[in-house]
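Secondary and tertiary structure notes
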Amino acid sequence: MTDKSKELNASVRLINDRLHFSGHAGDNTPVSIDYISPLGDDLGYTSLELLLLSLSSCVGSAVLTFLRKMNKTITSCEIRARGIRHEEHPTGFSQINLELAIGSPDITDEDVSRVIKMAEDKYCPVYSMIRGNCEIKMVHSLVR
């Protein structure tokens, strides 16, 4: 068995005559990955959508882990990501905007700002891989 902290494995398999893939990692449920029309059939997430989901869940995991270590009560967490693409090829993201909405009766803005900084600086591997390649802006709000 591979130590997931050291090595991760994933695979994709073409499932039609266009650009529709099925992707999976480990024993997890496969995800449908496709490209937009006219090259693809819009039958799944695009690769850049998956990148936004990966970044959002990575930041969220780090933030929630540290807030819970501070014995804070978390009642909800939602992260919205918006990627702004370059107009020229390669049309990757020039900027990513993340909006974190965290529900809690006992956290402060300062608590969230502190753990976001920790996630950005050290604890979110997806953020560290993207940082320097595009601008990442993050804002947060508290839901009572």
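Our structure's up above, just so we're on the same page.
Our subject in this report is the structure included herewith. (Residues numbered from 1 in each chain as written. Predicted model: local features only at pLDDT ≥ 70, side-chain atom pairs only at ≥ 80, totals over all residues. Heavy atoms only, no water.)

1. Re the nonpolar core
- Membership of the largest hydrophobic core comes to 26 residues, with the highest contact counts inside it found for Val59, Val63, Ile96, Leu98, Leu100 and Ile102.
- Every element with two or more residues in this core is listed here: helix 1 (47-69), strand 5 (93-103), helix 2 (109-123), helix 3 (125-130) and strand 6 (135-143).
- If near-sequence neighbours (up to four positions away) are discounted, Leu100 is found in contact with Val59, Val63, Glu78, Ile79, Ile116, Met138, Val139, His140 and Ser141. (Core = buried A, V, L, I, M, F, W, Y, C linked by side-chain atoms within 4.5 Å. Buried < 20%, exposed > 50% of the residue type's maximum accessible area, 1.4 Å probe, protein only. Helix = DSSP H or I, 4+ residues; strand = E, 2+ residues; numbered from the N terminus. Contact = heavy atoms within 4.5 Å.)

2. Brief notes about unusual backbone geometry
- The linkage connecting Ser37 with the following residue, Pro38, adopts the cis geometry, with an omega of 10°.
- For Pro38, the position within the fold is in the loop between strand 3 (31-33) and helix 1.
- The residue after His89, namely Pro90, is reached through a cis peptide bond having omega 0°.
- Mapped onto the elements, Pro90 comes out in the loop between strand 4 (76-85) and strand 5.

3. Some details on helix 1
- A rise of 1.5 Å per residue sets the reference length of helix 1, with its 23 residues, at 33 Å; its end C-alpha atoms lie 33 Å apart and thus fit the reference within 8%.
- Inspection of helix 1 places Leu52, Leu55, Ser56, Cys58, Val59, Gly60, Ala62, Val63, Leu64, Phe66 and Leu67 among the buried residues, and these make up the whole buried set.
- In this structure, the buried residues of helix 1 make contact with strand 4, strand 5, helix 2, helix 3 and strand 6.
- After helix 1 finishes, the residue Asn71 shows a positive phi value of roughly 60°. (Expected span 1.5 Å × (residues − 1).)

4. Some points on the packing of helix 1 against helix 2
- With their axes 9 Å apart at the nearest point, helix 1 and helix 2 run at an angle of 130° to one another. Judged on the interaxial angle alone, helix 2 and helix 1 are oblique. Seen along the crossing, helix 1 lies across helix 2 with a hand that is right-handed. Where helix 1 abuts helix 2, its residues Ala62, Val63, Phe66 and Leu67 lie against Asp111, Val115, Ile116, Met118, Ala119 and Tyr123.
- Partitioned by chemical class, the residues of the contact of helix 1 with helix 2 number nine nonpolar, no polar and one charged. (Axes fitted to C-alpha atoms, helices over the stretch in contact; angles between N-to-C directions. Parallel < 35°, antiparallel > 145°, perpendicular 65-115°, else oblique. Left-handed = near helix turned anticlockwise from the far one by under 90°. Nonpolar A, V, L, I, M, F, W, Y, C, P; charged D, E, K, R; others polar.)

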